[in-house]
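Observations on the model geometry
If you want the building blocks of each chain, they are given just below.
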Amino acid sequence: MTFSFPNRLFRAAGAGHSREPTAGPRFARTTEKGHGRVEYRALEGTAILTVHQKWPGLKPEFRVRQRGIRKGKAYEKVVHGITSLPPEKTDAKRLLGLVREHRRIENRLHYVRDVTLGEDACPVRRGSAPEVPAALRNAGVHLLAQVDAGNHARAIRRRAARFREAIDLLTSPV
């Protein structure tokens, strides 16, 4: 798969561009199209932290550059990361896939907490009090993961209408 991007769009949008390194064990790239956008990702291994010996025993670190077009506008984002995987298990292509999958999981979890369970609308905001409803929401998300319902909102509505199923879910061994 090639990683070519019309740099003129970034110049027009005011974002800088740089030459990408050639493919190899410490570099990988992907292209995704869908939902009205095009996104290009490039992962390269870095040694910013290990050069200074700030963290002895540090595992491979990396940088992911994301470039894309969303709603007709160009954007660029750079994310740095550290992995706990040993170097022999972290070729760039696999690591890029793991980073993408991690984001997918995080986005799905935050959507459930923020939208379905209304975390952002919770009026509890002072001291350590917000930890209690957050813990209850976490418990709810983990309980609902056991239910084969298609989505969390549907599972919540069903348990609200069928009290016995809610009790069975709470008392079932995990």
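In the block above lies the structure referred to throughout.
Report on the accompanying structure. (Residues numbered from 1 in each chain as written. Predicted model: local features only at pLDDT ≥ 70, side-chain atom pairs only at ≥ 80, totals over all residues. Heavy atoms only, no water.)

Considering the overall build of the protein chain
A tally of regular secondary structure across the protein chain gives six helices and four strands. When the helices and strands of the protein chain are listed from N to C terminus, the series reads α-β-β-α-β-β-α-α-α-α. For the protein chain, the residues scored as buried account for 25% of the 174 residues in total. Taking as baseline every contact in the protein chain between residues at least 6 positions apart, the subset at least 24 positions apart corresponds to 48%. (Helix = DSSP H or I, 4+ residues; strand = E, 2+ residues; numbered from the N terminus. Buried < 20%, exposed > 50% of the residue type's maximum accessible area, 1.4 Å probe, protein only. Contact = heavy atoms within 4.5 Å.)

Considerations on the side chain of arginine 41
Looking at where arginine 41 falls in the secondary structure, it is placed in strand S2 (residues 37-46). Within polar-contact distance, the side chain of arginine 41 engages the side chain of glutamate 39 at 2.2 Å. (Polar contact = N/O pair within 3.5 Å; in protein donor to acceptor, adjacent residues only side chain to side chain.)

Overview of helix H3 (residues 92-116)
For H3, built from 25 residues, the straight-helix expectation of 36 Å at 1.5 Å per residue is met to within 8% by its first-to-last C-alpha distance of 35 Å. Taken together, the buried positions of H3 are Ala92, Leu95, Leu96, Val112 and Arg113. Buried positions along H3 lie against strand S1 (27-34), S2, strand S3 (61-70), helix H4 (131-144) and helix H5 (152-161). Glycine 118 occupies a position one or two residues after H3 and carries a positive phi of about 65 degrees. (Expected span 1.5 Å × (residues − 1).)

A short note on the pattern of salt bridges
Within the structure shown, the criterion is met by twelve salt bridges. We note a salt bridge from arginine 41 to glutamate 39, for which the minimum N-O separation is 2.2 Å. For arginine 41, a relative accessible area of 3% translates into the label buried. Exposure remark for glutamate 39: the relative accessible area of 10% places this residue in the buried category. In the salt-bridge network here, residues are joined through shared partners; they are Glu32, Glu39, Arg41 and Arg100. (Salt bridge = Lys/Arg side-chain N within 4 Å of Asp/Glu carboxyl O.)

Points about the packing of aromatic side chains
Considering all chains together, one arrives at zero aromatic pairs under this definition. Its guanidinium or amino end placed over the ring of tyrosine 75, arginine 70 lies 4.5 Å from that ring's centre, counting from NZ or CZ. (Phe/Tyr/Trp six-rings, centres within 6.5 Å; stacked < 30°, edge-to-face > 60°. Lys NZ or Arg CZ within 6 Å of the ring centre and 35° of its normal.)

Here we look at the side chain of arginine 113
Here arginine 113 shows up in helix H3. For arginine 113, a relative accessible area of 14% puts it in the buried group. In this structure the side chain of arginine 113 is engaged in a polar contact, spanning 2.7 Å, whose partner is the side chain of asparagine 138. Ignoring anything within four residues of it in the chain, the contact list for arginine 113 reads Gly118, Glu119, Ala134, Arg137, Asn138 and Val141.

Here we look at the packing of H5 against helix H6 (residues 163-171)
In the contact formed by H5 and H6, the axes pass within 5 Å of each other and the chain directions differ by 115 degrees. What the angle tells us is that H5 and H6 run roughly perpendicular. In this structure, H5 contributes Arg158, Arg159 and Ala161 to the contact, and H6 contributes Phe163, Glu165, Ala166 and Leu169. (Axes fitted to C-alpha atoms, helices over the stretch in contact; angles between N-to-C directions. Parallel < 35°, antiparallel > 145°, perpendicular 65-115°, else oblique.)

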